[in-house]
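# An overview of the molecular structure
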Amino acid sequence: MKLGVVGLPNVGKSTLFNAITHAGAEAANYPFCTIEPNVGVVAVPDERLDKLATLYKSQKITPAIVEFVDIAGLVKGASKGEGLGNKFLSHVRECDAIVHVVRCFENENITHVNNKIDPIADIQTITLELILSDIEAVNKRADRIRSAARGGANKEAAAEYALLERLEKFLSEEKPARLFEYSDEEKPVMDNLFLLTDKPVIYAANISEFDMGKSDEEIPLVVAVKNYAEKEGSEVLVICAKTEEELSQMPPDECAIFLEELGLKESGLNRLIKKSYELLGLISYLTAGEKETRAWTIVKGTKAPQAAGKIHSDFEKGFIRAEVVEWQTLLDCNGYNGAREKGKVRSEGKEYIIKDGDVVLFRFNV
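Residues numbered from 1 in each chain as written. Predicted model: local features only at pLDDT ≥ 70, side-chain atom pairs only at ≥ 80, totals over all residues. Heavy atoms only, no water.

## Notes on the overall build of the protein chain
If you tally the helices and strands in the protein chain, you get 14 helices and 12 strands. Here the protein chain holds 366 residues, and 47% of them are scored as buried. Looking at the protein chain as shown, the accessible area adds up to about 18800 Å², and 49% of this sits on carbon and sulfur atoms. (Helix = DSSP H or I, 4+ residues; strand = E, 2+ residues; numbered from the N terminus. Buried < 20%, exposed > 50% of the residue type's maximum accessible area, 1.4 Å probe, protein only. Areas by Shrake-Rupley, 256 points an atom, 1.4 Å probe, with all protein chains shown as cover.)

## Examining the pattern of salt bridges
A complete count under the given rule lists 21 salt bridges for this structure. Between K242 and E209 there is a salt bridge, with the nearest N and O atoms lying 3.2 Å from each other. Here the residue K242 occupies a position in helix 8 (residues 241–248), and E209 occupies one in the loop between strand 6 (201–206) and helix 7 (220–231), the gap between them amounting to 33 residues. Accessibility expressed as a relative area gives 31% for E209, which makes it partly exposed. Overlapping salt bridges, with partners in common, bring together R321, E323, R340 and R363 in one network. (Salt bridge = Lys/Arg side-chain N within 4 Å of Asp/Glu carboxyl O.)

## Observations concerning the side chain of D358
Within the secondary structure, D358 is located in strand 12 (residues 358–364). Buried and unpaired, D358 has R346 as its nearest opposite-charge partner, separated by 4.4 Å. There is a polar contact of 2.7 Å between the side chain of D358 and the side chain of Y352. A polar side-chain atom of D358 sits 2.9 Å from the main-chain amide nitrogen of K355. (Lys, Arg positive; Asp, Glu negative; His and termini not counted. Polar contact = N/O pair within 3.5 Å; in protein donor to acceptor, adjacent residues only side chain to side chain.)

## Observations regarding the packing of aromatic side chains
On inspection of all chains with the given rule, the structure shows seven aromatic pairs. Note on Y203 and Y228: the rings are 6.4 Å apart at their centroids and 80 degrees apart in plane angle, and the pair reads as edge-to-face. Taken together, the positions of Y203 in strand 6 and Y228 in helix 7 put the pair 25 residues apart, joining distant regions of the chain. Given the relative accessible area of 1%, Y203 is considered buried. Linked through ring pairs, Y285, W296, F319 and F362 together constitute an aromatic cluster. (Phe/Tyr/Trp six-rings, centres within 6.5 Å; stacked < 30°, edge-to-face > 60°.)

## Focus on the nonpolar core
Judged by nonpolar contacts, the single largest core of 67 residues is most densely connected at L16, I20, V66, F68, V99, Y203 and I207. Leaving out residues up to four positions away in the same chain, V99 has contacts with L3, G4, V5, V6, F68, I202, A204, L272 and S276. (Core = buried A, V, L, I, M, F, W, Y, C linked by side-chain atoms within 4.5 Å. Contact = heavy atoms within 4.5 Å.)

## As for empty space enclosed by the protein
Considering all chains together, one arrives at two cavities of 30 Å³ or more under this definition. Of the voids in this model, the largest cavity is the one considered here, and its volume is about 80 Å³. Along its surface, the largest cavity is lined by V6, I98, H100, I126, T127, L130, R178, L196, T197, V201 and Y203. Secondary-structure elements contributing two or more residues to the lining of the largest cavity are strand 5 (97–103), helix 4 (119–149) and strand 6. When the residues that make up the lining of the largest cavity are grouped by side-chain class, the tally is seven nonpolar, three polar and one charged. If you go around the second largest cavity, the residues you meet are G7, L8, V11, H100, V101, V102, R103, D122, I123 and I126. Contributions of two or more residues to the lining of the second largest cavity are made by strand 5 and helix 4. (1 Å grid on protein atoms, 1.4 Å probe; cavity = no way out; pocket = protein on both sides within 12 Å on 5 of 7 lines; lining within 4 Å. Points joined across faces, edges and corners; volume = space filled by probe spheres on them. Nonpolar A, V, L, I, M, F, W, Y, C, P; charged D, E, K, R; others polar.)

Quick look at the structure:
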(Lines give C-alpha, C1' and ligand atoms only; values in the text may rest on other atoms or scores of the structure.)
Protein backbone atom coordinates (compact mmCIF):
# COMPACT_ATOMS: atom_id res chain seq x y z
CA MET A 1 0.00 0.00 0.00
CA LYS A 2 1.42 3.38 -1.06
CA LEU A 3 0.92 6.91 0.19
CA GLY A 4 1.80 9.69 -2.23
CA VAL A 5 3.31 12.81 -0.63
CA VAL A 6 2.11 15.76 -2.74
CA GLY A 7 2.04 19.53 -2.63
CA LEU A 8 3.25 22.62 -4.43
CA PRO A 9 7.01 23.08 -4.89
CA ASN A 10 8.94 24.22 -1.78
CA VAL A 11 6.28 23.41 0.81
CA GLY A 12 8.50 20.89 2.65
CA LYS A 13 7.60 17.61 0.94
CA SER A 14 11.12 16.31 0.45
CA THR A 15 12.23 17.54 3.87
CA LEU A 16 9.37 15.63 5.44
CA PHE A 17 10.11 12.60 3.30
CA ASN A 18 13.76 12.65 4.39
CA ALA A 19 12.65 12.56 8.01
CA ILE A 20 10.18 9.72 7.40
CA THR A 21 12.47 7.41 5.50
CA HIS A 22 16.05 8.59 6.11
CA ALA A 23 16.31 8.11 2.35
CA GLY A 24 18.15 11.38 1.72
CA ALA A 25 15.86 12.70 -1.00
CA GLU A 26 17.40 15.94 -2.25
CA ALA A 27 15.72 19.04 -0.83
CA ALA A 28 16.69 22.21 -2.68
CA ASN A 29 15.25 25.70 -2.85
CA TYR A 30 13.91 25.56 -6.40
CA PRO A 31 10.87 24.02 -8.11
CA PHE A 32 10.98 20.52 -9.59
CA CYS A 33 14.00 19.45 -7.57
CA THR A 34 12.19 16.10 -7.33
CA ILE A 35 11.45 14.69 -10.79
CA GLU A 36 11.47 10.92 -10.34
CA PRO A 37 9.56 9.90 -7.22
CA ASN A 38 11.62 8.82 -4.23
CA VAL A 39 10.22 5.75 -2.51
CA GLY A 40 10.72 4.68 1.08
CA VAL A 41 9.34 1.81 3.14
CA VAL A 42 8.92 2.65 6.83
CA ALA A 43 7.91 0.73 9.93
CA VAL A 44 4.64 1.60 11.65
CA PRO A 45 5.48 2.51 15.27
CA ASP A 46 3.86 -0.05 17.58
CA GLU A 47 4.78 -0.24 21.26
CA ARG A 48 2.77 -3.45 21.57
CA LEU A 49 5.44 -5.35 19.67
CA ASP A 50 8.22 -4.35 22.06
CA LYS A 51 6.17 -5.37 25.09
CA LEU A 52 5.18 -8.73 23.64
CA ALA A 53 8.75 -9.38 22.48
CA THR A 54 10.00 -8.71 26.00
CA LEU A 55 7.44 -11.12 27.42
CA TYR A 56 8.38 -13.91 25.00
CA LYS A 57 12.09 -13.02 24.76
CA SER A 58 11.62 -12.97 20.99
CA GLN A 59 14.69 -13.20 18.77
CA LYS A 60 13.13 -10.94 16.16
CA ILE A 61 10.56 -8.15 15.88
CA THR A 62 8.82 -7.53 12.56
CA PRO A 63 6.60 -4.42 12.45
CA ALA A 64 3.93 -3.49 9.92
CA ILE A 65 5.15 -1.27 7.10
CA VAL A 66 3.81 1.41 4.79
CA GLU A 67 5.33 2.82 1.63
CA PHE A 68 5.71 6.56 1.06
CA VAL A 69 6.29 8.05 -2.38
CA ASP A 70 7.72 11.57 -2.60
CA ILE A 71 6.04 13.01 -5.69
CA ALA A 72 7.44 16.10 -7.38
CA GLY A 73 5.76 19.45 -6.79
CA LEU A 74 2.57 19.87 -8.79
CA VAL A 75 1.77 23.30 -10.23
CA LYS A 76 -1.13 25.05 -11.91
CA GLY A 77 -1.54 23.53 -15.35
CA ALA A 78 -0.19 20.10 -14.35
CA SER A 79 -3.23 18.37 -15.87
CA LYS A 80 -2.24 19.98 -19.19
CA GLY A 81 1.39 18.94 -18.85
CA GLU A 82 2.80 22.05 -17.15
CA GLY A 83 5.85 21.38 -14.99
CA LEU A 84 6.07 17.79 -16.25
CA GLY A 85 2.58 17.44 -14.80
CA ASN A 86 1.35 14.40 -16.72
CA LYS A 87 4.23 12.31 -15.44
CA PHE A 88 3.67 13.46 -11.88
CA LEU A 89 -0.08 12.79 -12.05
CA SER A 90 0.63 9.23 -13.14
CA HIS A 91 2.69 8.78 -9.95
CA VAL A 92 -0.27 10.00 -7.88
CA ARG A 93 -2.55 7.53 -9.68
CA GLU A 94 -0.36 4.63 -8.56
CA CYS A 95 -0.82 5.51 -4.87
CA ASP A 96 -3.61 4.34 -2.56
CA ALA A 97 -3.90 7.53 -0.49
CA ILE A 98 -2.46 11.04 -0.38
CA VAL A 99 -0.48 13.00 2.19
CA HIS A 100 -0.96 16.60 1.06
CA VAL A 101 1.78 18.80 2.52
CA VAL A 102 0.68 22.41 2.98
CA ARG A 103 3.01 25.27 3.86
CA CYS A 104 1.84 27.13 6.96
CA PHE A 105 4.87 29.32 7.67
CA GLU A 106 6.51 32.49 6.40
CA ASN A 107 10.19 32.46 5.41
CA GLU A 108 11.58 35.01 2.98
CA ASN A 109 14.58 32.76 2.31
CA ILE A 110 12.39 29.96 0.90
CA THR A 111 10.66 30.91 -2.32
CA HIS A 112 7.02 30.10 -2.96
CA VAL A 113 5.91 29.24 -6.48
CA ASN A 114 3.07 31.82 -6.22
CA ASN A 115 5.14 34.37 -4.27
CA LYS A 116 2.68 34.38 -1.36
CA ILE A 117 1.76 32.11 1.56
CA ASP A 118 -1.88 31.04 1.24
CA PRO A 119 -2.41 27.39 2.23
CA ILE A 120 -6.04 27.27 1.08
CA ALA A 121 -5.14 28.60 -2.36
CA ASP A 122 -2.32 26.03 -2.47
CA ILE A 123 -4.72 23.19 -1.61
CA GLN A 124 -7.21 24.37 -4.20
CA THR A 125 -4.51 24.60 -6.88
CA ILE A 126 -3.46 20.98 -6.36
CA THR A 127 -7.04 19.73 -5.96
CA LEU A 128 -8.17 21.49 -9.14
CA GLU A 129 -5.38 19.90 -11.18
CA LEU A 130 -6.37 16.47 -9.87
CA ILE A 131 -10.04 17.21 -10.61
CA LEU A 132 -9.24 18.29 -14.18
CA SER A 133 -7.38 15.03 -14.69
CA ASP A 134 -10.38 13.13 -13.32
CA ILE A 135 -12.79 14.97 -15.60
CA GLU A 136 -10.67 13.91 -18.57
CA ALA A 137 -10.78 10.27 -17.39
CA VAL A 138 -14.58 10.41 -16.90
CA ASN A 139 -15.13 11.94 -20.34
CA LYS A 140 -12.95 9.33 -22.02
CA ARG A 141 -14.96 6.54 -20.42
CA ALA A 142 -18.24 8.23 -21.37
CA ASP A 143 -17.09 8.50 -24.99
CA ARG A 144 -16.37 4.76 -25.08
CA ILE A 145 -19.85 3.70 -23.93
CA ARG A 146 -21.98 6.49 -25.42
CA SER A 147 -23.19 4.49 -28.41
CA ALA A 148 -23.98 1.43 -26.28
CA ALA A 149 -25.91 3.59 -23.79
CA ARG A 150 -28.11 5.29 -26.41
CA GLY A 151 -31.72 4.22 -26.48
CA GLY A 152 -31.49 2.36 -23.19
CA ALA A 153 -31.35 -1.10 -24.79
CA ASN A 154 -28.14 -1.86 -22.95
CA LYS A 155 -29.34 -1.12 -19.43
CA GLU A 156 -25.92 -1.61 -17.84
CA ALA A 157 -24.26 0.85 -20.23
CA ALA A 158 -27.14 3.32 -19.83
CA ALA A 159 -26.85 3.22 -16.04
CA GLU A 160 -23.08 3.72 -16.19
CA TYR A 161 -23.44 6.62 -18.63
CA ALA A 162 -25.97 8.31 -16.35
CA LEU A 163 -23.53 7.94 -13.44
CA LEU A 164 -20.70 9.41 -15.50
CA GLU A 165 -22.86 12.41 -16.44
CA ARG A 166 -23.66 13.07 -12.77
CA LEU A 167 -20.02 12.64 -11.83
CA GLU A 168 -18.73 14.95 -14.57
CA LYS A 169 -21.16 17.67 -13.45
CA PHE A 170 -20.05 17.21 -9.83
CA LEU A 171 -16.35 17.43 -10.69
CA SER A 172 -16.97 20.47 -12.89
CA GLU A 173 -18.14 22.26 -9.75
CA GLU A 174 -14.54 21.79 -8.49
CA LYS A 175 -15.54 19.19 -5.91
CA PRO A 176 -13.31 16.12 -5.33
CA ALA A 177 -14.72 12.70 -6.19
CA ARG A 178 -14.36 11.48 -2.58
CA LEU A 179 -17.34 13.74 -1.73
CA PHE A 180 -19.48 12.34 -4.56
CA GLU A 181 -22.42 10.19 -3.41
CA TYR A 182 -23.19 6.95 -5.22
CA SER A 183 -24.91 3.64 -4.54
CA ASP A 184 -23.37 0.26 -3.71
CA GLU A 185 -24.36 -0.90 -7.19
CA GLU A 186 -22.40 1.98 -8.73
CA LYS A 187 -19.26 1.34 -6.68
CA PRO A 188 -17.62 -1.05 -9.19
CA VAL A 189 -17.82 1.65 -11.87
CA MET A 190 -16.30 4.23 -9.54
CA ASP A 191 -13.51 1.86 -8.53
CA ASN A 192 -12.66 1.14 -12.16
CA LEU A 193 -12.23 4.82 -12.95
CA PHE A 194 -9.21 5.08 -10.58
CA LEU A 195 -9.94 8.75 -9.92
CA LEU A 196 -7.21 10.83 -8.27
CA THR A 197 -9.62 12.81 -6.10
CA ASP A 198 -11.38 9.66 -4.91
CA LYS A 199 -8.30 8.74 -2.87
CA PRO A 200 -8.42 9.46 0.89
CA VAL A 201 -6.26 12.41 1.94
CA ILE A 202 -4.61 13.73 5.08
CA TYR A 203 -3.31 17.29 5.17
CA ALA A 204 0.13 17.76 6.74
CA ALA A 205 0.23 21.38 7.90
CA ASN A 206 3.94 22.21 7.84
CA ILE A 207 4.72 24.89 10.44
CA SER A 208 7.83 26.86 11.37
CA GLU A 209 10.10 25.62 14.15
CA PHE A 210 9.28 28.92 15.89
CA ASP A 211 5.63 27.81 16.12
CA MET A 212 6.51 24.49 17.77
CA GLY A 213 4.78 24.19 21.15
CA LYS A 214 1.95 26.54 20.22
CA SER A 215 -1.63 25.31 20.16
CA ASP A 216 -3.15 24.94 16.70
CA GLU A 217 -5.54 27.79 17.45
CA GLU A 218 -2.56 30.15 17.87
CA ILE A 219 -1.44 29.60 14.27
CA PRO A 220 -3.94 31.27 11.88
CA LEU A 221 -2.75 29.40 8.79
CA VAL A 222 -3.25 26.06 10.56
CA VAL A 223 -6.75 27.10 11.65
CA ALA A 224 -7.59 27.89 8.03
CA VAL A 225 -6.41 24.46 6.86
CA LYS A 226 -8.34 22.67 9.64
CA ASN A 227 -11.53 24.54 8.77
CA TYR A 228 -11.11 23.64 5.10
CA ALA A 229 -10.41 19.97 5.82
CA GLU A 230 -13.37 19.68 8.19
CA LYS A 231 -15.76 20.57 5.37
CA GLU A 232 -14.61 17.57 3.34
CA GLY A 233 -14.21 15.20 6.28
CA SER A 234 -10.42 14.99 6.03
CA GLU A 235 -7.89 15.05 8.85
CA VAL A 236 -5.08 17.51 9.49
CA LEU A 237 -1.81 16.69 11.20
CA VAL A 238 0.30 19.66 12.28
CA ILE A 239 4.01 19.00 11.84
CA CYS A 240 7.30 20.87 11.51
CA ALA A 241 9.16 19.06 8.74
CA LYS A 242 12.47 20.77 9.50
CA THR A 243 12.38 19.81 13.18
CA GLU A 244 11.26 16.28 12.36
CA GLU A 245 14.18 15.88 9.98
CA GLU A 246 16.55 16.96 12.74
CA LEU A 247 14.88 14.61 15.24
CA SER A 248 15.19 11.69 12.84
CA GLN A 249 18.97 12.13 12.84
CA MET A 250 19.31 12.17 16.64
CA PRO A 251 20.11 9.12 18.79
CA PRO A 252 16.91 7.79 20.44
CA ASP A 253 17.84 9.04 23.92
CA GLU A 254 18.54 12.58 22.70
CA CYS A 255 15.35 12.54 20.68
CA ALA A 256 13.33 11.52 23.74
CA ILE A 257 14.84 14.38 25.78
CA PHE A 258 14.11 16.90 23.04
CA LEU A 259 10.50 15.75 22.75
CA GLU A 260 10.08 15.94 26.51
CA GLU A 261 11.35 19.53 26.47
CA LEU A 262 8.68 20.32 23.87
CA GLY A 263 6.03 18.61 26.00
CA LEU A 264 5.40 15.96 23.34
CA LYS A 265 4.84 12.23 23.93
CA GLU A 266 5.96 11.22 20.45
CA SER A 267 7.31 12.77 17.29
CA GLY A 268 5.10 14.22 14.62
CA LEU A 269 6.50 11.64 12.23
CA ASN A 270 5.29 8.74 14.34
CA ARG A 271 1.85 10.34 14.47
CA LEU A 272 1.89 10.87 10.70
CA ILE A 273 2.90 7.26 9.97
CA LYS A 274 0.18 5.92 12.30
CA LYS A 275 -2.44 8.25 10.81
CA SER A 276 -1.39 7.24 7.31
CA TYR A 277 -1.81 3.56 8.21
CA GLU A 278 -5.33 4.34 9.44
CA LEU A 279 -6.01 6.42 6.31
CA LEU A 280 -5.39 3.33 4.21
CA GLY A 281 -7.98 1.47 6.29
CA LEU A 282 -5.35 -0.89 7.71
CA ILE A 283 -5.03 -2.57 11.10
CA SER A 284 -2.58 -5.07 12.58
CA TYR A 285 -3.11 -8.38 14.26
CA LEU A 286 -0.18 -9.86 16.15
CA THR A 287 1.62 -13.15 16.56
CA ALA A 288 4.15 -13.67 19.34
CA GLY A 289 6.66 -16.30 20.31
CA GLU A 290 10.30 -16.99 21.04
CA LYS A 291 11.36 -16.85 17.38
CA GLU A 292 9.44 -13.75 16.36
CA THR A 293 6.90 -11.16 17.43
CA ARG A 294 5.19 -9.75 14.36
CA ALA A 295 2.48 -7.36 13.19
CA TRP A 296 0.45 -8.61 10.23
CA THR A 297 -1.24 -6.00 8.07
CA ILE A 298 -4.87 -6.52 7.06
CA VAL A 299 -7.69 -4.30 5.86
CA LYS A 300 -10.15 -3.38 8.59
CA GLY A 301 -13.09 -5.80 8.43
CA THR A 302 -11.05 -8.83 7.34
CA LYS A 303 -12.39 -12.20 8.56
CA ALA A 304 -10.23 -14.79 10.30
CA PRO A 305 -9.58 -17.18 7.35
CA GLN A 306 -8.43 -14.34 5.09
CA ALA A 307 -6.25 -12.94 7.89
CA ALA A 308 -4.70 -16.39 8.28
CA GLY A 309 -3.97 -16.35 4.56
CA LYS A 310 -1.65 -13.40 5.12
CA ILE A 311 0.72 -15.80 6.88
CA HIS A 312 0.37 -18.61 4.34
CA SER A 313 -2.27 -19.59 1.79
CA ASP A 314 -2.48 -23.06 3.39
CA PHE A 315 -3.67 -21.41 6.62
CA GLU A 316 -6.67 -19.97 4.79
CA LYS A 317 -7.45 -23.11 2.79
CA GLY A 318 -7.33 -25.42 5.82
CA PHE A 319 -8.69 -22.96 8.38
CA ILE A 320 -10.36 -24.60 11.40
CA ARG A 321 -10.48 -21.85 14.02
CA ALA A 322 -8.60 -18.89 15.44
CA GLU A 323 -7.56 -18.76 19.09
CA VAL A 324 -7.67 -15.09 19.99
CA VAL A 325 -6.62 -13.00 22.99
CA GLU A 326 -6.35 -9.21 23.23
CA TRP A 327 -2.70 -8.12 23.45
CA GLN A 328 -2.94 -6.27 26.78
CA THR A 329 -4.81 -9.22 28.33
CA LEU A 330 -2.00 -11.50 27.14
CA LEU A 331 0.54 -9.29 28.91
CA ASP A 332 -1.55 -9.09 32.07
CA CYS A 333 -1.81 -12.90 32.16
CA ASN A 334 1.93 -13.28 31.60
CA GLY A 335 1.49 -15.21 28.38
CA TYR A 336 -0.78 -17.53 26.42
CA ASN A 337 -0.95 -20.33 29.03
CA GLY A 338 -1.90 -17.88 31.75
CA ALA A 339 -4.57 -16.32 29.53
CA ARG A 340 -6.00 -19.76 28.74
CA GLU A 341 -6.12 -20.74 32.43
CA LYS A 342 -8.10 -17.56 33.16
CA GLY A 343 -10.52 -18.20 30.29
CA LYS A 344 -9.32 -15.19 28.30
CA VAL A 345 -8.50 -17.09 25.08
CA ARG A 346 -11.48 -17.18 22.71
CA SER A 347 -12.06 -19.77 19.99
CA GLU A 348 -13.39 -17.98 16.91
CA GLY A 349 -14.70 -19.38 13.60
CA LYS A 350 -14.75 -18.36 9.96
CA GLU A 351 -17.05 -15.38 10.43
CA TYR A 352 -14.96 -13.70 13.12
CA ILE A 353 -13.70 -10.25 12.10
CA ILE A 354 -10.15 -9.72 13.31
CA LYS A 355 -9.65 -6.65 15.50
CA ASP A 356 -6.62 -4.40 15.79
CA GLY A 357 -4.35 -5.74 18.52
CA ASP A 358 -5.69 -9.29 18.50
CA VAL A 359 -2.97 -11.85 19.21
CA VAL A 360 -3.93 -14.87 17.15
CA LEU A 361 -2.99 -18.55 16.94
CA PHE A 362 -4.51 -20.19 13.86
CA ARG A 363 -5.55 -23.86 13.81
CA PHE A 364 -5.72 -25.45 10.37
CA ASN A 365 -5.62 -28.71 8.43
CA VAL A 366 -2.63 -29.33 6.19
